[in-house]
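The lines below spell out each chain.
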Amino acid sequence: MIRSGAVDVDYPDSGGGRAALVAGSLPGFAVETERVAWLDEVEAYVPGQFYRRELPAIRAVLAGVDPVELLIVDGYVDLDPGGRPGLGAHVHEALGIPVIGVAKTSFHTATHAVPVLRGGASKPLFVTATGLPRSDAAALVAGMCGPFRMPDALRRVDALARGRV
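Described in the following lines is the structure provided in the data block. These numbers come from a predicted model, not from an experiment. (Residues numbered from 1 in each chain as written. Predicted model: local features only at pLDDT ≥ 70, side-chain atom pairs only at ≥ 80, totals over all residues. Heavy atoms only, no water.)

Side note on the overall build of the protein chain
Check the secondary structure of the protein chain and you find 4 helices and 7 strands. Listing every helix and strand of the protein chain by position from the N terminus yields β-β-β-α-β-α-β-β-β-α-α. Structurally, the protein chain occupies a C-alpha span of about 40 × 35 × 30 Å along its principal axes. In the protein chain, of all internal contacts separated by at least 6 residues, the share reaching a separation of at least 24 is 58%. Element-wise, carbon and sulfur atoms account for 52% of the exposed surface of the protein chain, whose accessible area totals about 8,000 Å². (Helix = DSSP H or I, 4+ residues; strand = E, 2+ residues; numbered from the N terminus. Contact = heavy atoms within 4.5 Å. Areas by Shrake-Rupley, 256 points an atom, 1.4 Å probe, with all protein chains shown as cover.)

Description of the side chain of H90
With respect to the secondary-structure elements, H90 resides in helix 2 (residues 87-95). What makes H90 buried here is its relative accessible area of 17%. Other than its neighbours up to four places away in sequence, H90 contacts Y51, L55 and P85. (Buried < 20%, exposed > 50% of the residue type's maximum accessible area, 1.4 Å probe, protein only.)

Focus: the sheet that holds strand 1 (residues 2-10)
Two modes of strand pairing occur in sheets, parallel and antiparallel, and in both the strands are linked by backbone hydrogen bonds. Spatially, 3-2-1-4-5-7-6 is the arrangement adopted by the 7 strands of the open sheet, whose pairing is mixed. Only two strands of the sheet have a single partner each, and these edge strands are strand 3 (31-39) and strand 6 (114-116). Strand after strand, the sheet turns through a mean of 25 degrees between neighbouring axes, direction not considered. Of the pairings in the sheet, the one linking strand 4 (residues 70-74) to strand 5 (residues 99-103) comprises 4 bridges and is parallel in character. (Pairing = 2+ DSSP bridges. Axes fitted to C-alpha atoms, helices over the stretch in contact; angles between N-to-C directions.)

Thoughts on the nonpolar core
Counting residues in hydrophobic clusters, the biggest one holds 25 residues, and the most contacted among them are F29, I72, I100, V141 and M144. Secondary-structure elements contributing two or more residues to this core are strand 2 (17-26), strand 4, strand 5, strand 7 (125-130), helix 3 (134-142) and helix 4 (152-161). Considering each element in turn, this core owes the most residues, 5 residues, to helix 4. Setting aside its immediate chain neighbours within four residues, F29 contacts S4, G5, A6, V22, A23, G24, I72, M144, C145 and A153. (Core = buried A, V, L, I, M, F, W, Y, C linked by side-chain atoms within 4.5 Å.)

Regarding helix 2
Those residues of helix 2 that fall on the buried side of the exposure criterion are L87, G88, A89, H90 and V91. Phi turns positive one or two residues past the end of helix 2, at G96, with a value near 70 degrees.

Observations regarding the environment of I2
Within the fold, I2 resides in strand 1. Along the sequence, I2 and E69 sit 67 residues apart, while their C-alpha atoms lie 6.4 Å from each other.

Section: the side chain of R53
As for its position among the elements, R53 is in helix 1 (residues 50-62). Summary of buried charges: R53 has no salt-bridge partner, and the nearest side chain of opposite charge, E54, is 6.2 Å away. In contact with R53, not counting residues within four places along its chain, are Y11, V42, E43, A44 and Y45. (Lys, Arg positive; Asp, Glu negative; His and termini not counted. Salt bridge = Lys/Arg side-chain N within 4 Å of Asp/Glu carboxyl O.)

With respect to the packing of aromatic side chains
In this structure the tally under the stated criterion is 2 aromatic pairs. Centre to centre, the rings of Y45 and F50 are 6.1 Å apart; their planes meet at 65 degrees, and the pair counts as edge-to-face. A relative accessible area of 48% places Y45 in the partly exposed class. Measuring from centroid to centroid gives 6.2 Å for Y76 and F107, while their planes differ by 50 degrees, and the two rings are tilted. Remark: F107 occurs in the loop between strand 5 and strand 6 and Y76 occurs in the loop between strand 4 and helix 2; sequence separation between them is 31 residues. The side chain of R53 reaches across the aromatic face of Y11, ending 3.7 Å from its centre. (Phe/Tyr/Trp six-rings, centres within 6.5 Å; stacked < 30°, edge-to-face > 60°. Lys NZ or Arg CZ within 6 Å of the ring centre and 35° of its normal.)

Looking at the pattern of salt bridges
This structure, assessed with the given rule, holds 4 salt bridges. Residues K104 and D74 are paired through a salt bridge, measuring 3.1 Å at the closest nitrogen-oxygen approach. Placement of K104 in the loop between strand 5 and strand 6 and of D74 in strand 4 is noted, with a sequence separation of 30 residues between them. With a relative accessible area of 31%, K104 lands in the partly exposed category. Owing to a relative accessible area of 30%, D74 belongs among the partly exposed residues under this scheme. Here D158 and R162 are joined by a salt bridge, their closest N and O atoms 2.9 Å apart. Since its relative accessible area comes to 21%, D158 is described here as partly exposed. With a relative accessible area of 39%, R162 lands in the partly exposed category.

Written as structure tokens, this is what we have:
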């Protein structure tokens, strides 16, 4: 069993940011722990530097919880087959743990992402990874709990980040 976390961050129009974490064990990833952290101030969005906005929020929500051995982020680890870093690569560099990126939409240069169909969906999730093979990451995402396209843990962390819980 691998103690894993999934993180997501939302930026309300009123300002600030809400970071959410759910943690559990892979394979399966049934949610065992939840945490939300509020940031009063966040950096402005800068195209190509999204990680600068996300990393402080991810660090804040991970602070004070039992360490995770693997982290799942909403988005891409790398943006092309050449390894142009996306959010997940920066998280991996900052935290030193394997990172799986799960994106809901395709990115035109991310031709290396592994499509994963779940729950009878016709539209795949796009999986990238660092610190473990993409094929292993895709298998872990495919095997996560939940009957829908989005695994239960990722649906839950999204709802927490958006304040819909």
